[in-house]
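Breakdown of the fold
Here is what each chain is made of, one letter per residue.
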Amino acid sequence: MTHWTRRRTLAALGSAGAVAGLATPALASKRKIVLGALRFTSHSASFIAQERGYFADAGLDVELRFFQAASPMSVAIASGDVDYAITAMSGGLISLANRGAIKVIGGALSEEPGIDGQKILVSDAAYQAGITSPAALEGKSFGMTTAGSSFHYMGSRMAEKDGVSLSFKPLQKVGAIIGALKSGQIDAWSIVPHIAKPLAGSGAVHIIGDVADYLPDYQVTTVFTSAQNAASGEQQMTRDFLSAYSRGVADYNATMIDRASGDAGVDQMVDLIHKYVYADRPRDKAAKSIINGTMRLNEGAAMNTKSLADQLAWFQAEKLVDADISLETIIDPSYVDSIG
């Protein structure tokens, strides 16, 4: 097994059963692991599993480590700085999986018919100039963190369907993209609803479409780990992690989507999530954005392999990853159900 130091990982990047039955606690009680996350509502299952003791019940002592983009998480997983992570499939992740460093082991967030999902946004300047639908974006600029990010994929698939050409602007961090969109330095972007709706409410940005119209059943984010954790003696720890994480998923969906506990349950869940998302805002101001971000998470961490295959095909068509990489190289389907 290749030892993936951080330096080796960065060099490589530059060269380029169902969970329901997984309830057996880890053999080593309080096994220390690091979980990579973003401060997004879509990562709520991790926060719930941490706050409600589901990770502890599984014998895991979890440290949450926060990132601002997907690619650095892949580096951190491959180098051993992080054990598990939840974020979008990226070119960096695919390249590292091809080098035997990473495996996708589950699904996290998906677009679903009937549930308000990711939005396509334009700046106020673009909107006032007549860009009121994605089909009017010919020749305009579209924000992304890096080439090969989920933003790049979403924008490209949207442009392909509408027959328009876009210029993609890499801005590294979500905060930088927001600033560029609000100031008119870029014309368009796509993002989850808990960010999109407040931006649109400010008047500096406008919603002109839904990602689900272009990518129905899109597997937005995945659960992934190192190849060693997936297949080299750490299978039990991985099952324990997925079991605890899936308890958080079930709580989130039942409360925020199905509203099984009514308004009181939603309020309680918002209080929990607010510790991690919009924690710098007063609770009353953060609550609306947290609720706006409600999208169903994949029950049992099931992954939509059809969507993942489409994403891989796009990366290959764009020559962002090697053409001979197979989906089986990237995913380990043995831990959760496959859908799609």
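To start, this report covers the structure provided alongside it. The residue count restarts for each chain, going from 1 along the sequence in the order it is written. Reporting in this predicted model follows two pLDDT cut-offs: at least 70 for local features of residues, and 80 or more for side-chain atom pairs to be given and counted; totals over whole chains, interfaces and linings ignore these cut-offs and use all residues. For side-chain calculations, the full set of non-hydrogen atoms in the structure is used, while hydrogens and water are omitted.

1. Observations concerning unusual backbone geometry
- At Asp217, a position not held by glycine, the phi torsion is positive, near 60 degrees.
- Despite not being glycine, Lys319 has its phi angle at roughly 60 degrees, a positive value.
- For Lys319, the location among the structural elements is in the loop between helix H14 (305-317) and helix H15 (327-330). In this text, helices come from DSSP runs of H or I with a minimum length of four residues, and strands from runs of E with a minimum of two, each type numbered from the N-terminal end.

2. Considerations on the environment of Ser149
- Following the sequence through the fold, Ser149 ends up in the loop between strand E6 (140-144) and helix H7 (150-162).
- Sequence-wise, Ser149 and Ser44 are 105 residues apart; in three dimensions their C-alpha atoms are separated by 21 Å.
- In terms of polar contacts, Ser149 uses its side chain to reach the side chain of Thr145, at 3.5 Å.
- Each polar contact in these results corresponds to two N or O atoms within 3.5 Å; when the atoms are within protein, one needs to be able to donate a hydrogen and the other to accept it, and residues that are neighboring in sequence are counted only if both atoms are side-chain atoms. From its side chain, Ser149 meets the backbone oxygen of Thr146 in a polar contact 2.8 Å long.

3. Comments concerning the nonpolar core
- Here, nonpolar core refers to any group of buried Ala, Val, Leu, Ile, Met, Phe, Trp, Tyr and Cys residues whose side-chain atoms link them within 4.5 Å. Burial classes follow relative accessibility: with a 1.4 Å probe on protein chains only, a residue under 20% of its type's maximum area counts as buried, one over 50% as exposed, and anything between as partly exposed. Counting 109 residues, the largest nonpolar core has Trp189, Ile195, Phe241, Tyr245 and Ile330 as the members making the most contacts within it.
- With eight residues, the top contributor of residues to this core is helix H11 (residues 235-257).
- The residues contacting Ile195, other than those within four sequence positions of it, are Phe40, Val174, Ile178, Trp189 and Tyr278. Any two residues whose heavy atoms approach within 4.5 Å are treated as being in contact.

4. Topic: the sheet that holds strand E3 (residues 84-87)
- Strands are labelled as partners when DSSP assigns at least two bridges between them. One open sheet holds the five strands; their spatial order is E2-E1-E3-E10-E4, and the pairing between them is mixed. At either margin of the open sheet sits one strand with a lone partner, and together these are strand E2 (60-66) and strand E4 (102-107). Across the sheet, the mean angle separating the axes of adjacent strands is 25 degrees when strand polarity is ignored. Axis definition: a line fitted to C-alpha atoms, limited for helices to the stretch in contact. Angles are taken between N-to-C directions and run from 0 to 180 degrees.

5. Considering the packing of helix H4 (residues 70-79) against helix H5 (residues 91-98)
- Running from amino to carboxyl end, H4 crosses H5 at an angle of 25 degrees, the nearest separation of the two axes being 8 Å. Taken together, the axes of H4 and H5 lie roughly parallel to each other. Taken as a pair, H4 and H5 cross one another with a handedness that is right-handed. On H5, the residues that touch Ser74, Val75 and Ala78 of H4 are Gly92, Leu93 and Leu96.
- Residues are grouped as follows: Ala, Val, Leu, Ile, Met, Phe, Trp, Tyr, Cys and Pro are nonpolar; Asp, Glu, Lys and Arg are charged; all remaining types, including Gly, are polar. Classifying every residue of the contact of H4 with H5 gives four nonpolar, two polar and no charged. For classification purposes, an angle smaller than 35 degrees is called roughly parallel, one larger than 145 roughly antiparallel, one from 65 to 115 roughly perpendicular, and anything else oblique. Handedness of a crossing is defined here by the sense of rotation of the near helix relative to the far one, left-handed for an anticlockwise turn of less than a right angle and right-handed for a clockwise turn.

6. Thoughts on the packing of aromatic side chains
- Each Phe, Tyr or Trp ring (for Trp, its six-membered ring) is paired with any other whose centre lies within 6.5 Å, and the angle between the two planes then decides the class: stacked below 30 degrees, edge-to-face above 60, tilted in between. Tallied over the entire structure, the rule returns 11 aromatic pairs.
- With centroids separated by 5.5 Å and ring planes inclined at 75 degrees, the aromatic side chains of Tyr153 and Trp314 adopt a geometry described as edge-to-face. Of the two residues, Tyr153 sits in helix H7 while Trp314 sits in helix H14, which places them 161 residues apart along the sequence. Judged on exposure class, the residue Tyr153 and its partner Trp314 are both buried.
- Plain terms: the ring middles of Trp314 and Phe315 are 4.9 Å apart, the flat faces sit at 70 degrees to each other, and that makes the pair edge-to-face.
- Among the aromatic residues, those joined into a ring-pair cluster are Phe55, Tyr84, Phe241 and Tyr245.
- Only when the NZ atom of a Lys or the CZ atom of an Arg is both within 6 Å of the ring centre and within 35 degrees of the ring normal do we say a charge sits over the ring. For Arg39, the ring lying beneath its charged end belongs to Phe66, and the centroid distance is 3.7 Å.
- Directly above the ring of Tyr278 sits Arg281, whose terminal nitrogen or CZ lies 3.9 Å from the centroid.

7. Observations regarding empty space enclosed by the protein
- Counted as a void, the largest cavity has a volume near 210 Å³.
- Here a cavity is any set of points on a 1 Å grid over the protein atoms alone where a 1.4 Å probe fits but cannot get out, and a pocket is any open set with protein on both sides within 12 Å along at least 5 of 7 lines; a residue lines the site when it has an atom within 4 Å of a point. In this structure, the largest cavity is lined by 21 residues; those nearest its centre are Leu38, Thr87, Ala88, Ser150 and Phe151.
- When grouped by side-chain class, the residues that make up the lining of the largest cavity number 11 nonpolar, 10 polar and no charged. Grid points are joined across faces, edges and corners, and a volume is the space filled by probe spheres set on the points.

8. Thoughts on helix H8 (residues 174-182)
- Those residues of H8 that fall on the buried side of the exposure criterion are Val174, Ile177, Ile178, Ala180 and Leu181. Angularly, the buried residues of H8 cover 165 degrees about the axis, an arc narrow enough to put them on a single face.
- Those residues of H8 that are buried lie in contact with strand E5 (119-123), E6, H7, strand E8 (188-191), helix H9 (193-201) and strand E9 (205-210).
- Positive backbone phi, approximately 80 degrees, marks Gly184, located one or two places after H8. Think of the arc as the fan of directions from the helix axis to the C-beta atoms.

9. A word on the pairing of E3
- Judged by which residues are buried, E3 turns out to be covered on both faces: Tyr84 and Ile86 on one side and Ala85 and Thr87 on the other are all buried.
- As defined by bridge partners, strand E1 (residues 31-37) adjoins E3 across two bridges and the pair is classed as parallel. Within the sheet, the bridge partner assigned to Leu35 lies in E3 and is Tyr84.
- Taken together, the four bridges between E3 and strand E10 (residues 222-226) define a ladder with antiparallel strand orientation. In the strand pairing of E10, Ile86 is matched with Val223.

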